[in-house]
Amino acid sequence: MNKKKLFFLILLIIHTPSNTTKITPSHSITHTNAQDLFNATIFDWSRTFAQVMDIAHKKHYKITDPKENMIKAIDGFVSTLDAHSSFLDPKTYKEMLESTAGEFYGVGIVIDNMRKKKDKFLTIVDTIPDGPADKAGVLPMDKIVEINGNILEDITTEKIISQLKGERHSTVKIKVMRENMPDLLSFDIVRDIVKEQHSLSFNIKSHDISYISLSMFTESATKQIEQLLKKAYERHYKGLILDLRNNSGGLLNVAVDIAGLFLKKGSLVTLTKDKNNKELERYVTTKNPIAKHTLPIFVLINNYTASAGEILAGCLKIHSDLSQDYLVFLVGTRTFGKGSVQEIIPVGNDCAVKLTTCLYFLPNNTTVQGVGIEPDFIVERTQPLPEQLKWFTKHYGREEALENYIKIHEKPKDNQPKTPEKKESRTYNRAKEMLQNDNQLKDCITLINMLSSAQKHTPHLVKTRANVLDYLKKNHICETLEIEEIKI
């Protein structure tokens, strides 16, 4: 092998500008410290790697692109470090930089970004109303198995996202699996600008409760939530429901700023620690809150609540326990459990490495990594009846479905002129429709009504968060029932 060529390959692989140690064969090095050992090991095995790459491209029967193979080799190393570390090639890195922007050319879907590289599909958690995918007929919980003829196994989620994005008005072909459908479904989706609204708010009039949802922590989310909270506090609601279900994270500083809308100035939201358990950085609120402490807050969480979503939910609950100034309760199911921090570090050739560098810790010095957050009230989500069962119930499950059934009451004709309804966006209409069948939301409403009644009639029973928790758990049936047969 040409020694000059081999040395050139080694220089391409090694990037240690602080290394001034003279490089000699590994067996003759006298290691004075850990850094010397590291440098020697890297050099020794980089030489082996360069030899393998050179031999493979000379001897292997199939001619391959050396650039592509180098990218695969680096990614193969980084992606084995942990579930969230990966190597970003130039295209993927560029797409990632655009991922938190308000507009981009894509298909308009919210994905399960906790997907593993080995998974054969990508779950669509939701679709953006009136977005390209929504217009094409793609539905929430569809599972993408193929993009432009390429299967997804052994492809990182970042690369899948880059395949879904592209030039405006260009077409991407996908195949999905859908529950209760025997065959794969194919869709041709025309990419376009996707304007995402990450927060929604409703007034639940029949119960005098405010509802706010947040699907992702983006740069515009803090302002949106602040405006929605101000409107909510203009009225004297019995309670506030903050929906963080399916919120897989986003920008940490945004989560800290949103926490600052609820917590007093200077409150600790989260801190980071390195692999040696050394504290690296503390994140505290920097503004005075706008939330009123007299309003109880019920936070909805589920297994898709992750990362920054877990930090916000966890810190609100912990500060509620510590201060007793306000009441926060978590409702739903255990969260995802992602408490690791990834840094995007630019490297050569317009690439970057996404590397897990430390863990997040909540204000009580616990981490959610691998364990998640348990809700105060465990409420599993029940799914609406499938279309087939709805059809059978309508046509066969009632007396009125029978021909010539006896009618007791005739419905009076409505001759009153109808007031034209105020038109709402499809985003709001679809959200309202989904919330009508949302048992977790209805459990929150029940809990708020119970608390409101107790505060009015038996205030001595609900003075602290611990008192309230005990009272609600005694009166709200959400645990497994102990059922025993009575024999006669």
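Residues take numbers from 1 onward in each chain, read along the sequence in its written order. For this predicted model, a pLDDT threshold of at least 70 governs which residues receive local features, and a threshold of 80 or more governs which side-chain atom pairs are given and counted, while totals over whole chains, interfaces and linings are taken from all residues. Think of the side-chain values as coming from all heavy atoms in the structure, minus any hydrogens and water.

**Details of the overall build of the protein**
Now for step 1: Counting its regular elements, the protein contains 13 helices and 19 strands.
Now for step 2: Note on exposure labels: buried denotes an accessible area under 20% of the residue type's maximum, exposed denotes more than 50%, and partly exposed covers the range between, all computed with a 1.4 Å probe on protein chains only. Taken over 488 residues, the protein has a buried fraction of 40%.
Now for step 3: Across the protein, contacts joining residues at least 24 apart in sequence account for 70% of those joining residues at least 6 apart.
Now for step 4: Accessible surface is estimated by sampling points in the Shrake-Rupley manner with a 1.4 Å probe; for residues, cover comes only from the protein chains shown. Element-wise, carbon and sulfur atoms account for 54% of the exposed surface of the protein, whose accessible area totals about 29800 Å². The way it works is that DSSP assigns letters per residue, a run of H or I at least four long becomes a helix, a run of E at least two long becomes a strand, and they are numbered from the N terminus. In this description, contact between two residues means that some pair of their heavy atoms is separated by no more than 4.5 Å.

**Quick notes on the sheet that holds strand β16 (residues 328-332)**
Now for step 1: Any two strands with at least two DSSP-identified bridges between them are counted as paired. Spatial ordering of the open sheet is given by β10-β11-β12-β15-β16-β19, a layout of six strands whose pairing is mixed. Each edge of the open sheet carries a strand with a single partner, namely β10 (199-204) and β19 (377-378).
Now for step 2: To obtain an axis, a line is fitted to C-alpha atoms, over the contacting stretch when the element is a helix, and the angle between two such axes runs from 0 to 180 degrees between their N-to-C directions. Sitting on the sheet, helix α9 (residues 308-323) is in contact with β12 (239-243), β15 (297-301) and β16, with an inclination near 135° to β16.
Now for step 3: Seen against the sheet, helix α13 (residues 465-475) touches β15, β16 and β19 and runs at an angle of roughly 35° to β16.

**A short note on the packing of helix α7 (residues 221-233) against helix α8 (residues 252-259)**
Now for step 1: At their nearest, the axes of α7 and α8 sit 9 Å apart, and the two run at 20° to each other. With respect to α8, the axis of α7 lies roughly parallel. Considering only the axes of α7 and α8, their crossing is right-handed. Residues Ala-221, Thr-222 and Ile-225 of α7 lie in contact with α8, whose contacting residues are Val-254, Asp-257 and Ile-258.
Now for step 2: Three classes are used, and their members are as follows: Ala, Val, Leu, Ile, Met, Phe, Trp, Tyr, Cys and Pro are nonpolar, Asp, Glu, Lys and Arg are charged, and the others, Gly among them, are polar. When its residues are assigned to classes, the contact of α7 with α8 shows four nonpolar, one polar and one charged. Any angle that is under 35 degrees is reported as roughly parallel, and any over 145 degrees as roughly antiparallel; angles of 65 to 115 degrees are reported as roughly perpendicular and all others as oblique. By definition, turning the near helix anticlockwise from the far helix through less than a right angle yields a left-handed crossing, and turning it clockwise yields a right-handed one.

**Topic: α8**
Now for step 1: In terms of burial, α8 is a largely internal element, six of the eight residues being buried.
Now for step 2: Those residues of α8 not exposed but buried are Leu-252, Val-254, Ala-255, Val-256, Ile-258 and Ala-259.
Now for step 3: Those residues of α8 that are buried lie in contact with β11 (209-214), α7, β13 (268-273), β14 (279-284), α9 and β18 (351-361).

**Side note on a nonpolar patch on the surface**
Now for step 1: Without a salt bridge and with relative accessible area above 30%, a residue can belong to a patch; like charges are then joined within 9 Å and nonpolar side chains (Val, Leu, Ile, Met, Phe, Trp, Tyr) within 5 Å. One side-chain nitrogen of Lys or Arg within 4 Å of one carboxyl oxygen of Asp or Glu is enough to make a salt bridge. Taken together, Ile-477, Leu-481 and Ile-483 make up a surface patch of nonpolar side chains, about 360 Å² in accessible area.
Now for step 2: Following the sequence through the fold, Leu-481 ends up in the segment after α13.

**Re the pattern of salt bridges**
Now for step 1: In the structure shown here, the tally under the stated rule is 19 salt bridges.
Now for step 2: Asp-376 is the partner of Arg-465 in a salt bridge, and the nearest nitrogen-oxygen pair spans 2.6 Å. Remark: Asp-376 occurs in the loop between β18 and β19 and Arg-465 occurs in helix α13; sequence separation between them is 89 residues.
Now for step 3: Judged by its relative accessible area of 3%, Arg-465 is buried.
Now for step 4: Its salt-bridge partner being Asp-438, residue Arg-381 comes within 3.8 Å of it at the nearest N-O pair.

**What to know about the pairing of β14**
Now for step 1: Note: β13 against β14, five bridges, orientation antiparallel. Across the sheet, Leu-271 pairs through a bridge with Arg-282, a residue of β14.
Now for step 2: Hairpin connection from β13 to β14: five residues lie between these consecutive antiparallel strands, with Asn-277 at a positive phi of about 65°.

**What to know about the confidence of the model for the protein**
Now for step 1: pLDDT measures the predictor's confidence residue by residue and takes values from 0 up to 100. Mean pLDDT over the protein: 82, with 82% of residues reaching 70 or higher.
Now for step 2: A low-confidence stretch, residues 1-31 stays under pLDDT 50, and its non-local contacts, those more than four residues away or across chains, total 31 contacts.

**Section: the nonpolar core**
Now for step 1: Leu-242, Ile-258, Phe-262 and Val-299 are the most contacted members of the largest nonpolar core, which has 44 residues in total.
Now for step 2: Elements with a minimum of two residues in this core: β11, α7, β12, α8, β15, α9, β16 and β18.
Now for step 3: Broken down by element, the residue count for this core peaks at seven residues, all from α9.
Now for step 4: Within the second largest apolar cluster, 27 residues are counted, among which are Phe-202, Val-379, Leu-435 and Leu-451. Among the buried residues, those of types Ala, Val, Leu, Ile, Met, Phe, Trp, Tyr and Cys that are joined through side-chain atoms within 4.5 Å form a nonpolar core.

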